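Coordinates in review
The residues making up each chain are set out below.
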Amino acid sequence: MYSAINSNGNSDRGQHWEAQLRKGCLEMAILASLWQSRLYGLEVLRALSEKSQLEIAEGTLYPILSRLKAQGLLQSEWVEAEAGHPRKYYWLTPAGRRRAREMAEAWNEFSTNLSALMQPILGVKQR
Amino acid sequence: MTNPVSISAEPLTDARVESYLAQLDSALRGLSTEEKQDILLEIRSHIADSVAAARDREAAVERVIRLLGDPQELAQRYKAERMLTRASRSFSPLLLLRTTWGWAKLGMKGMVALFVALFGYGVALALTITLILKPIMPSRVGVWWGHGDLNVGMVDHPERMHELLGQWYVPVIVVLAFGFAVGTTQALRWLIRSRAPRQIY
């Protein structure tokens, strides 16, 4: 039964996230935005938009935050704010920091390799 | 984490916001009250923050509701995210079947997974049923060979066939049934982890 399933694609069970790297870009960006400090949802959106021009809809962000928390990569806490309503702050758990680091390394390798491939194309264009 | 229910929500008195949250509330049914409260409070807090800084409050409310998207869809994303996460860590055939059923509605991969689930658990269940029948009809239940046919379970005319396992029937079938159940569970967990749509962008 296993062989039949494995034959229909790459099958590295332990690191399935790597196969989904591109699809998981958003997940990576969200984890990265929390690397330095605790943020609430709107701050994550602003950080992504300001630092990487990554515009994502709030309707996409919140369910992902919820899942990352369920996966144990994030932790959260309600904090009463001056604004008069509480805000839900998120931060990386140790597992989340590990995952963010692994993703950053994989991403770095991936983009370095692709850049080498793209260089001739860009070189021609610049001339 | 502090209990979100105990914190008074911001008095954001906008009919559109209240209507949006009410729709989201009803669309989130199925989640626990605590999860629901948590989500609603977070979305409410997000709307309040988004609107607070804006000069044109009306337009800001309009905009944030549009960005949050259809409440049904938003609820669906929350549910899908949670269900898949839970299922990929679960060993419960019921939860795995339910999740795979939902996944099958989304496309081909899900249908393949559902086929694996139905086939694997189906075989395990059928084998288990023969184990229950064995003590009731010891002479009719077995692994039968005859006329070029291999039958596992009950046959109508045992006298025309040859039984292969004899007293080993119960231990062998127990191991087989268990193997199918565990194998299917592991296969589904793997399929859900590596193939299911983790995000709905």
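Check the entry above for the structure.
Here is a short report on the structure shown in this document. All of these numbers come straight from a predicted model, not from anything done at the bench.

1. Side note on the sheet that holds strand E2 (residues 149-154) of chain B
All names here are of chain B. Overall, antiparallel pairing links the three strands, which are arranged E2-E1-E3 in an open sheet. In the strand order of this sheet, the two ends are held by E2 and strand E3 (162-163), each with one partner. By the bridge criterion, two bridges tie strand E1 (residues 141-146) to E3 in an arrangement that is antiparallel. Pairing of Trp144 across the sheet is with Glu163, part of E3. Set on the sheet, helix H6 (residues 108-136) makes contact with E1 and E2; between it and E2 the angle comes to about 70 degrees.

2. Regarding helix H5 (residues 58-70) of chain A
In an α-helix there are 3.6 residues to a turn, and that puts residues three or four apart on one side. All names here are of chain A. For H5, with 13 residues, the first-to-last C-alpha span of 19 Å sits near the 18 Å given by 1.5 Å per residue. Inspection of H5 places Glu58, Leu61, Tyr62, Pro63, Ile64, Leu65, Ser66, Arg67 and Leu68 among the buried residues, and these make up the whole buried set. Among the residues trailing H5, Gly72 stands out with phi positive, at a value near 80 degrees.

3. Some details on the environment of Ala60 of chain B
Residues and elements named next belong to chain B. Tracing the backbone through its elements, the reader meets Ala60 in helix H3 (residues 57-68). The exposure class of Ala60 is partly exposed, given the 16 C-beta atoms found within 10 Å. Separated by 10 residues in the primary sequence, Ala60 and Ser50 place their C-alpha atoms 7.2 Å from one another. The contacts of Ala60, once residues within four sequence positions are left out, are Ser50, Val51 and Ala54.

4. Examining helix H2 (residues 33-52) of chain B
For H2 of chain B, built from 20 residues, the straight-helix expectation of 28 Å at 1.5 Å per residue is met to within 8% by its first-to-last C-alpha distance of 28 Å. Among the residues of H2 of chain B, Asp38, Ile39, Leu41, Glu42, Ile43, Arg44, Ser45, His46, Ile47, Ala48, Ser50 and Val51 of chain B are the ones counted as buried. On the buried face of H2 of chain B, the contacting elements are helix H4 (41-52), H5 and strand E3 (86-92) of chain A together with helix H1 (15-27), H3 and helix H4 (71-88) of chain B.

5. A word on the pairing of E1 of chain B
Residues and elements named next belong to chain B. Bridge count between E1 and E2: six bridges; the pairing is antiparallel. Each bridged residue has a counterpart across the sheet, and for Gly142 the counterpart in E2 is Gly153. Two successive antiparallel strands, E1 and E2, enclose a turn made up of two residues, where His147 displays a positive phi of approximately 55 degrees.

6. Structural notes on the sheet that holds strand E1 (residues 39-40) of chain A
Residue and element names in this part refer to chain A. Read across the sheet, three strands follow the order E1-E3-E2 without closing on themselves; strand pairing throughout is antiparallel. The sheet terminates laterally at E1 and strand E2 (74-80), the two strands that pair on one side only. Across two bridges, the pairing between E1 and E3 is antiparallel. Counted as the bridge partner of Leu39 is Tyr90 from E3.

7. Here we look at the packing of helix H5 (residues 93-104) of chain B against H6 of chain B
Residue and element names in this part refer to chain B. Interhelical geometry of H5 versus H6 gives an angle of 150 degrees and a closest axis separation of 7 Å. The two elements H5 and H6 meet at a crossing, and its hand is left-handed. Here H5 contributes Pro93, Leu96, Leu97, Thr100, Trp101, Trp103 and Ala104 to the contact with H6, which in turn contributes Gly110, Met111, Ala113, Leu114, Ala117 and Tyr121. Looking at the contact of H5 with H6 residue by residue, the classes come out as 11 nonpolar, two polar and no charged.

Parameters and conventions
- Residues numbered from 1 in each chain as written.
- Chains lettered and ligands numbered in written order.
- Predicted model: local features only at pLDDT ≥ 70, side-chain atom pairs only at ≥ 80, totals over all residues.
- Pairing = 2+ DSSP bridges.
- Helix = DSSP H or I, 4+ residues; strand = E, 2+ residues; numbered from the N terminus.
- Contact = placed C-beta atoms within 7 Å.
- Axes fitted to C-alpha atoms, helices over the stretch in contact; angles between N-to-C directions.
- Expected span 1.5 Å × (residues − 1).
- Buried ≥ 20, exposed ≤ 12 C-beta atoms within 10 Å, placed from the backbone.
- Left-handed = near helix turned anticlockwise from the far one by under 90°.
- Nonpolar A, V, L, I, M, F, W, Y, C, P; charged D, E, K, R; others polar.

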